[in-house]
Protein chains: 2
Amino acid sequence: MRRDIIKFKAPPYIIASASVVGRHERQGPFGSCFDSFDDTERFGMESWEQAEGEMQRKALEIAMSKAKLSDRDIDGIFAGDLINQCTSSSYGLLSFDIPHFGLYGACSTCALSLLISAIAISEGAFENCAAVTSSHFCSAERQFRTPIEYGGQRTPTSQRTVTGAGAFILSHRASGVKITEAMGGISCDMGIRDANNMGAAMAPAVVSTLLRYFDATHSSPQNFDKIITGDLGFEGYGIVIDLMEKEGFDMRQVYTDCGLVIYNREKQDMHAGGSGCGCSAVMLASHFINEVKNGVLKNILFIGTGALLSPMLVQQGMSIPGIAHLVKIEGEM
Amino acid sequence: MRRDIIKFKAPPYIIASASVVGRHERQGPFGSCFDSFDDTERFGMESWEQAEGEMQRKALEIAMSKAKLSDRDIDGIFAGDLINQCTSSSYGLLSFDIPHFGLYGACSTCALSLLISAIAISEGAFENCAAVTSSHFCSAERQFRTPIEYGGQRTPTSQRTVTGAGAFILSHRASGVKITEAMGGISCDMGIRDANNMGAAMAPAVVSTLLRYFDATHSSPQNFDKIITGDLGFEGYGIVIDLMEKEGFDMRQVYTDCGLVIYNREKQDMHAGGSGCGCSAVMLASHFINEVKNGVLKNILFIGTGALLSPMLVQQGMSIPGIAHLVKIEGEM
């Protein structure tokens, strides 16, 4: 029988994390928490794809410097992004002389990279490794919808892809913040075909993962200080609350979503909220990790949410499956 | 200091493998070794991308049936492919009720998926898991070069993307074929800009990985029954022989490449040979695993080779980095 939960015998620590963002993220409620930003969102590069790669490079550089580690100390980088085909991570991280393991989990890639890094560290294959993810509003629009130059009108359910990169260093070295459990997501296809309503495509995957997790661990939302999803935004957030209520779980007290909080809904016109790999990566790498480190949050469930959207199969009339990977992060304060 | 080699304390076994191919692969020298084929290369589906997904589904179904395992016995699937964004694996494997971990290593994805699966099994996170990869000539041409309907003339250095999917089941259960070591590749960018000469882009990455491996293990080509690269084809194969000779290693006796042998060069007009994730996946899943199982080969180095080619960054004038992941497979005969 399947082992649904991965319980880490020697829980890996997150010894450093870093976040790099664009202008709108800096102007949002958590703007001062991020390590670095560039208001031009170009990061000195000539194209949006290269700018996104440069954000990843910068995020990893900052995280490694916080951890006081150099290239020769890191056994591997687990990295991915949204761009065809993992362009930002492949090109952005080229300057590091470190083995590179490419991942693709759509917007769930931050949780996916933490989950696989945690397996590699906890079980002794690696001593130190890095998990890196990014998204960029302009490269993602060109990739999945229309280039920004086209000036398309956005629908009310659409979310804004966060311009941001997050990097995490995992290690055996104690740091006060550790990953104690993880659970891989099973893909869910509920027939959503609207590439402008990713929240609805991903919400059922979150519900599937949460129900499997609560069942396997005999727990409920009230056992956690916070349950944080990646980028469901206002549409998906409401769907999760409703679907979980039908299953008998009241999520209201502990549940939040990175896409819901990264922008100021009243002052910033971001429709249904933030999205993208970078959304959950920068929020976890800054605000949430800090709250765990400071003892404000003792244990959190961090759930990366991905819409396994392929522009080509959407053109072919196929629906958009969702996936949700879970990691449990605990503080030692 | 980095641990370059991952030595598995409890080496995971490959307990089953399966290969599904198209017409040209069936007509090649190893045609009779593959488990299943469809001469129409459509596999009953309406588009090439969906056909590629169906090949993955079929390959995993056959491998699970050989291993006598059902969905509930498999802790996770590590899968990837070449199509924007991992479409074939995301959609093709939807029908399995198994956690899905998406990977992207371009054509190195077979070795990458075996490497990460091996970490997950060996170190106890998982009991059984699957590694699945594919490529399809028609979907890859549309993705990376021009749709086949365009009828573009192929250059002599171009390789034919193999239409094929390979699936492997890894487990603690002894089977006679085990993965004893692995080494992640470091990306190499030697300035190749020609999307029709992937062999040249990938060969330096193979040399980098081999030199790091020989150095760390104090070994040489003569310590192995076979060193097998994924899909360098005739161009890249020759470059590896030459570059390794300059470094003092004679590869001629033990070195082969899946792209070199999968087609009959005299009877089949495949230019520089085969390529794609499916190339190394179907050759390893059939012929090479059988030779290890039967004791013909006692130990092999299997090196997945990937050109981290992004159509968009090639259009932006960027060069094509290569990567090469290594797994050491040993027989117990």
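Structure shown above.
Residues numbered from 1 in each chain as written. Chains lettered and ligands numbered in written order. Predicted model: local features only at pLDDT ≥ 70, side-chain atom pairs only at ≥ 80, totals over all residues. Heavy atoms only, no water.

**So, the packing of aromatic side chains**
Residues and elements named next belong to chain A. Scanning the entire structure with this criterion turns up 16 aromatic pairs over all chains. For the pair Tyr 213 and Phe 224, a centre-to-centre distance of 6.0 Å together with 55° between the ring planes defines the contact as tilted. With Tyr 213 in helix α6 (residues 198–217) and Phe 224 in the loop between α6 and β10 (226–229), this residue pair connects regions lying 11 residues apart in the sequence. Among the residues examined, Tyr 213 registers a relative accessible area of 1% and is labelled buried. Residues Phe 214 and Phe 224 carry aromatic rings whose centres are separated by 6.4 Å and whose planes lie at 25° to one another, so their mutual orientation is stacked. With Phe 214 in helix α6 and Phe 224 in the loop between α6 and β10, the pair connects residues that are 10 residues apart, well separated along the chain. Judged by its relative accessible area of 3%, Phe 214 is buried. You can call Phe 224 buried: its relative accessible area is 5%. Across from the ring centre of Phe 37, 4.8 Å away, lies the NZ or CZ of Arg 26, which sits over that ring. (Phe/Tyr/Trp six-rings, centres within 6.5 Å; stacked < 30°, edge-to-face > 60°. Helix = DSSP H or I, 4+ residues; strand = E, 2+ residues; numbered from the N terminus. Buried < 20%, exposed > 50% of the residue type's maximum accessible area, 1.4 Å probe, protein only. Lys NZ or Arg CZ within 6 Å of the ring centre and 35° of its normal.)

**Observations regarding the relation of the copies chain A and chain B**
Of the transformation superimposing chain A on chain B, the axial component is 0.0 Å and the angular component is 180°, with the fit at an RMSD of 0.0 Å. Accordingly, the operation relating the two chain copies is best matched by a two-fold axis. For chain A, the residue whose C-alpha comes nearest the rotation axis is A:Leu103, separated from it by 2.0 Å. The share of interface residues of chain A whose copies in chain B are also at the interface is 100%, consistent with both copies meeting through the same surface. (Least-squares fit on C-alpha atoms with pLDDT ≥ 70 in both. Contact = heavy atoms within 4.5 Å.)

**So, the pairing of strand β4 (residues 76–80) of chain B**
All names here are of chain B. With 5 of 5 residues buried, β4 lies mostly within the body of the structure. Residue alternation in β4 divides its side chains into two sets, Gly 76, Phe 78 and Gly 80 and Ile 77 and Ala 79, and both sets are buried. Relative to strand β6 (residues 128–135), β4 runs parallel, the two being bridged by 5 bridges. Paired with Phe 78 across the bridge in β6 is Ala 131. Alignment of β4 against strand β5 (residues 100–102), held across 3 bridges, turns out to be parallel. Considered in β5, the bridge of Ile 77 is made with His 100. Taking the sense of rotation as the criterion, the β-α-β connection linking β4, helix α3 (residues 87–92) and β5 turns out right-handed. (Pairing = 2+ DSSP bridges. Right-handed = clockwise from strand over helix to strand, strands pointing away.)

**Here's the deal with the interface of chain A and chain B**
Each partner contributes residues to the interface: chain A has 65 residues there, and chain B has 65 residues. Counting each side, the surface lost to burial between chain A and chain B is near 5,600 Å², with a carbon and sulfur contribution of 57%. For the pair chain A and chain B, the interface holds 2 salt bridges. The partner of B:Arg72 in a salt bridge is A:Asp4, with the nearest N and O atoms 3.8 Å apart. (Buried area = accessible area lost by both parts, 1.4 Å probe. Salt bridge = Lys/Arg side-chain N within 4 Å of Asp/Glu carboxyl O.)

**Examining the nonpolar core**
Of all hydrophobic cores here, the largest spans 96 residues; its most connected members are A:Leu114, A:Phe168, A:Ile329, B:Leu114, B:Phe168 and B:Ile329. In this structure, A:Cys107, A:Ile227, A:Ile241 and B:Ala307 belong to the second largest nonpolar core, which totals 85 residues. (Core = buried A, V, L, I, M, F, W, Y, C linked by side-chain atoms within 4.5 Å.)

**Describing unusual backbone geometry**
All names here are of chain A. At the junction of Asn 84 and Gln 85, the peptide bond is cis and its omega measures out at -15° in the coordinates. By secondary structure assignment, the location of Gln 85 is in the loop between β4 (76–80) and α3 (87–92). In the Ramachandran plot, Lys 68 falls in the positive-phi region, its phi being about 55° despite a non-glycine side chain. Position of Lys 68 relative to the elements: it lies in the loop between α2 (48–67) and β4. With relative accessibility at 73%, the residue Lys 68 sits in the exposed group.

**Concerning helix α9 (residues 277–293) of chain A**
Side chains that are three or four residues apart share a direction in an α-helix, a result of its 3.6 residues per turn. Residue and element names in this part refer to chain A. End to end, α9 covers 23 Å across 17 residues, agreeing with the expected 24 Å (1.5 Å per residue, within 8%). At Leu 284, α9 shows its maximal bend, which comes to roughly 45°. A positive phi of about 85° marks Gly 295, the residue just after α9. (Expected span 1.5 Å × (residues − 1). Bend = angle between axes of the 7 residues up to and from the residue.)

**Describing the pattern of salt bridges**
For the structure on display, the rule yields 28 salt bridges over all chains. Ionic pairing is found between A:Arg26 and A:Asp39, a salt bridge with its closest N-O pair at 2.8 Å. Residue A:Arg26 is located in helix α1 (residues 23–26), and its partner A:Asp39 is located in the loop between β3 (36–37) and α2; the two are separated by 13 residues in the primary sequence. Judged by relative accessible area, A:Arg26 falls into the partly exposed class, the value being 28%. B:Arg2 is the partner of B:Asp4 in a salt bridge, and the nearest nitrogen-oxygen pair spans 3.7 Å. We note that B:Asp4, like B:Arg2, is buried. Each of the salt bridges in this network shares a partner with another, and the network as a whole consists of A:Arg2, A:Asp4, A:Arg212 and B:Arg72.

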